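Fold and geometry: a report
Each chain, written out:
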There are 2 protein chains.
Amino acid sequence: MKEAVELHKGQFIEELKQYLSIPSISSLSKHKEDVKEAADWTASALKKAGMENVEVIPTEGHPIVYADWLHAKGKPTVLVYGHYDVQPEDPIDLWETPPFEPVIRDGKIFARGATDDKGQLFIHIKAVDLLMKEKGELPVNVKFVIEGEEEIASPNLGPFIQDNEEKLACDAVVISDTSFSEKGQPAICTSLRGALAMELTVTTANSDLHSGTYGGGVPNSIHALVQLLDSLHEENGRIAVEGFYKGVPEPTEALRKEVAEVPFNEERTKQELELDELFGEEGFTFHERVGIRPTLEINGITGGFQGEGLKTIVPKEASAKISCRLVGGQDPQKVFEAIQRHVADNRPVGAKVDLHQYIKADPVAIDSKNPYIQKAADAFESVYDVRPLFPKEGGSIPIVEVFGRVLDAPVVLMGFGLPTENLHAPNEHFHLENFTKGIETVCKYLQEL
Amino acid sequence: MKEAVELHKGQFIEELKQYLSIPSISSLSKHKEDVKEAADWTASALKKAGMENVEVIPTEGHPIVYADWLHAKGKPTVLVYGHYDVQPEDPIDLWETPPFEPVIRDGKIFARGATDDKGQLFIHIKAVDLLMKEKGELPVNVKFVIEGEEEIASPNLGPFIQDNEEKLACDAVVISDTSFSEKGQPAICTSLRGALAMELTVTTANSDLHSGTYGGGVPNSIHALVQLLDSLHEENGRIAVEGFYKGVPEPTEALRKEVAEVPFNEERTKQELELDELFGEEGFTFHERVGIRPTLEINGITGGFQGEGLKTIVPKEASAKISCRLVGGQDPQKVFEAIQRHVADNRPVGAKVDLHQYIKADPVAIDSKNPYIQKAADAFESVYDVRPLFPKEGGSIPIVEVFGRVLDAPVVLMGFGLPTENLHAPNEHFHLENFTKGIETVCKYLQEL
């Protein structure tokens, strides 16, 4: 299929640019219409690719796009999952070019959603398109389920899967929303951490107070918040919340060896990201920390005066966004309750404390020996001339656990991104080489199944 | 003068409304023209009041307004200081009516600058106006020095005073920028705390990073910042910076007794401000904490994602605004250096730390037995039927120390505000009763000198 991809790639990239120019930010209500537009765009791209029964299914949030082609009698059925929603563009001033005006530089396409996940999802749509163009049919049965709420933790897709078990029945779920280990080294992720996100708000008074008149005599919401937040970690990087580590498996020697096989160039990482030092839980390597250990990270903090110059107030309220990555048998709900208890037990004098839960998702482990995964590895190898690794990914795709459990099918996480492509950050991009080779790989995979 | 004030008060309040409608926020560069407009407005109000040699003097920042009337041969000279600049209106959504559209409700005028300091300054301008109207002359010589940079720590007024020692020579400096102890109980402040303000910025990487890919394995700027900030205080409210308390006098029994004389209704304060508890340095009362003890307050904090919902990033940068109130022999420069050392000694792994100094000002103590202060107390007593208290004020007016030192004159802090008038906060207001009685009091004071 290499020649066919080569022939159409100019057209495919033009289409991808259109797709990427829709600001489908699911977390911001002002973009609701844009998210809808991206859903419709996805649906018509599927129709154009020859898929049938294309539906844009409304939910309480953003729509789910469904399509299928089920004429490969006796052949397996593959369900492709992806998402057409994207992260906010903030901080906007750090983008070199506007996030929703896709630009190609040095063989990379720059735009919000380029690698996460429109670019990777579009690989599957174009693979199907190409197979239909070349052969007039597909070698296997294919279903697509594309959602618009992945970046806000898929609140409606879980129930949809539960309610449509039969419609979605399949032999394997294929997802491209992860990344290579490094450039040229494909990877099929075999573990995803669970997730838990929340917001901690501290209130001390009904108004900001003059720090001259009241400072030193009344509680300060920011002091209280930093005291609480600082109490969440020990100095050695370990999380200090009692009960947090319950269900975290002690890593076996075999697992540590497997993790150590994924290449890691510490000096290059430090240089690229301008890190003075790496830092994390004592006693673990970088890949162990981000792959098989749980984390608790503060993602944002806000309180008091933030304008130019100064304003001498005692701030009445401050808050922080916190998220955890969970592993093994950690139960997100139990972890949330442990943090709730910690916050209550450590409440500073005069602080009213509120802990609001946003999302939770169970951790997932996948057996790399499953034939659907080994076939995917073969397809990668035939295109990239190197066998994929099977890393433990640090990220979370909450819906993966639901797909695996409800549909009782193996989940194949064949990612085409690179870890350096700034997903969730300014200047997100996607290597076009992996876009075109990705289409080849998926065609190969569907043909070989 | 009571009848004269009564006769003109409608007109005076209309003029005050005009003055308050100019958004002269000195800290925000976009308001530069508004600040200039307020300077011009002040100058013409002084001219209208019969003052002579009115000048709007440019500086490197906002202008200084000067005026005098020097025909009271053999009589003392009083220099009135005030400021026409105001604090930012932020947070704007908590104002019940727009900050620069003055409104009168329940005998109070609501607007940014109502009590701090346009309303209080305008008392002096209208007192002079009234005396000129009634008598055709003033009972003493009067000079006005009105600046537009008090809220940003008077960077240009200090040098101006140094360069114009002769022009500004006087027997007393009168300032109305403080407040009563409570409604009906006037106060002449006899102590001001020094000030020191700074911004602490922590950087860990050159980009926000995906918390799934990097979380737990790289330093998090917010973790580092909260760790540093939390290390600034002990749990008992004491400041943990080595050397911070150098120069702070041990309070004598006499001083503690004097401080205890200022009335304080703890329950009412807690109720009004919706405080669960008071909090401060162990071993001191509320009035000691805010009046004679130094403080270190975090005024604002920002970092990472602050939008709606969540964004699972490891933030690259976070910062906090910090200000200190200083007392006794504390040297602001030495305190800054002590904090710098503390920050360097406690620098978290992988954190690049920057501490930027905004302002500093020495503490001031004033002898309440000075005759210019006792005469002011007499004037208050004749209008309010109660003798003023002489409290130790917690706030800082950095320029007071310079006035006292350079001009070698007593500083009379005859405030007409109330501590509950929301200065530096939303819904700032000023009691019109104290506006009109203030004019009476100032007329009386000038006549009796």
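Now for a look at the structure at hand.

Rules and cut-offs
Residues numbered from 1 in each chain as written. Chains lettered and ligands numbered in written order. Predicted model: local features only at pLDDT ≥ 70, side-chain atom pairs only at ≥ 80, totals over all residues. Heavy atoms only, no water. Least-squares fit on C-alpha atoms with pLDDT ≥ 70 in both. Contact = heavy atoms within 4.5 Å. Core = buried A, V, L, I, M, F, W, Y, C linked by side-chain atoms within 4.5 Å. Buried < 20%, exposed > 50% of the residue type's maximum accessible area, 1.4 Å probe, protein only. Helix = DSSP H or I, 4+ residues; strand = E, 2+ residues; numbered from the N terminus. Phe/Tyr/Trp six-rings, centres within 6.5 Å; stacked < 30°, edge-to-face > 60°. Lys NZ or Arg CZ within 6 Å of the ring centre and 35° of its normal. Expected span 1.5 Å × (residues − 1). Arc of directions from axis to C-beta. Polar contact = N/O pair within 3.5 Å; in protein donor to acceptor, adjacent residues only side chain to side chain. Pairing = 2+ DSSP bridges. Axes fitted to C-alpha atoms, helices over the stretch in contact; angles between N-to-C directions.

Some thoughts on the relation of the copies chain A and chain B
For the pair chain A and chain B, the relating rotation is 180°, the translation along its axis is 0.1 Å, and the fit reaches an RMSD of 0.1 Å. Such a turn and shift between the copies fits a two-fold axis. A shared interface surface links the copies, since 99% of the contact residues of chain A are contact residues in chain B too.

Remarks on the nonpolar core
Within the largest apolar cluster, 94 residues are counted, with the highest numbers of intra-cluster contacts made by Met51(A), Phe144(A), Val173(A), Phe403(A) and Phe435(A). Here this core gets nine residues from one element, more than from any other, and that element is helix α3 (residues 118–135) of chain A.

Overview of the packing of aromatic side chains
Tallied over the entire structure, the rule returns 26 aromatic pairs over all chains. Centroid distance Phe244(A) to Tyr245(A): 5.3 Å. Interplanar angle 80°. Geometry classified as edge-to-face. Across this residue pair, the class does not change: Phe244(A) and Tyr245(A) are buried. Plain terms: the ring middles of Phe430(B) and Phe435(B) are 6.4 Å apart, the flat faces sit at 70° to each other, and that makes the pair edge-to-face. In this structure Phe430(B) comes out as buried when scored by relative accessible area, which is 0%. Of the aromatic side chains, those joined through ring pairs into one cluster are Tyr19(A), Trp41(A), Phe122(A), Phe430(A) and Phe435(A). A cation over an aromatic ring shows up here: Lys118(A) above the ring of Tyr19(A), its NZ or CZ 5.4 Å from the ring centre. The ring of Tyr66(A) carries Lys167(A) above its face, with NZ or CZ at 4.6 Å from the centroid.

Considerations on helix α10 (residues 371–384) of chain A
Residues and elements named next belong to chain A. Here α10 is 14 residues long and its end C-alpha atoms lie 20 Å apart, about the 20 Å a rise of 1.5 Å per residue gives. Residues of α10 that are buried include every one of Tyr372, Ile373, Ala376, Ala377, Ala379, Phe380, Val383 and Tyr384, and no others. Along α10, the residues classed as buried sweep out an arc of 160° about the axis, all on the same side. The inward-facing, buried residues of α10 abut β7 (172–175), β8 (188–189), β17 (411–414) and α12 (432–448). The N-cap residue of α10 is Asn370: its side-chain oxygen and the backbone nitrogen of Tyr372 are 2.8 Å apart.

Some points on the sheet that holds strand β12 (residues 295–304) of chain A
Taken together, eight strands build an open sheet; the order of strands is β15(A)-β10(A)-β14(A)-β12(A)-β12(B)-β14(B)-β10(B)-β15(B) and the sheet is antiparallel. If you trace the sheet from one side to the other, it starts and ends with β15 (352–361) of chain A together with β15 (352–361) of chain B, each paired once. The sheet shows a mean angle of 20° between the axes of neighbouring strands, taken without regard to direction. Pairing analysis gives eight bridges linking β12(A) to strand β14 (residues 317–326) of chain A, with the strands arranged antiparallel. Considered in β14(A), the bridge of Gly300(A) is made with Lys321(A). Contacting β10 (194–203), β12, β14 and β15 of chain A together with β12 (295–304) of chain B, helix α5 (residues 221–230) of chain A runs over the sheet at an angle of about 65° to β12(B). Each of β12 of chain A together with β10 (194–203), β12, β14 (317–326) and β15 of chain B touches helix α5 (residues 221–230) of chain B; the most contacted strand, β12(A), lies at about 65° to it.

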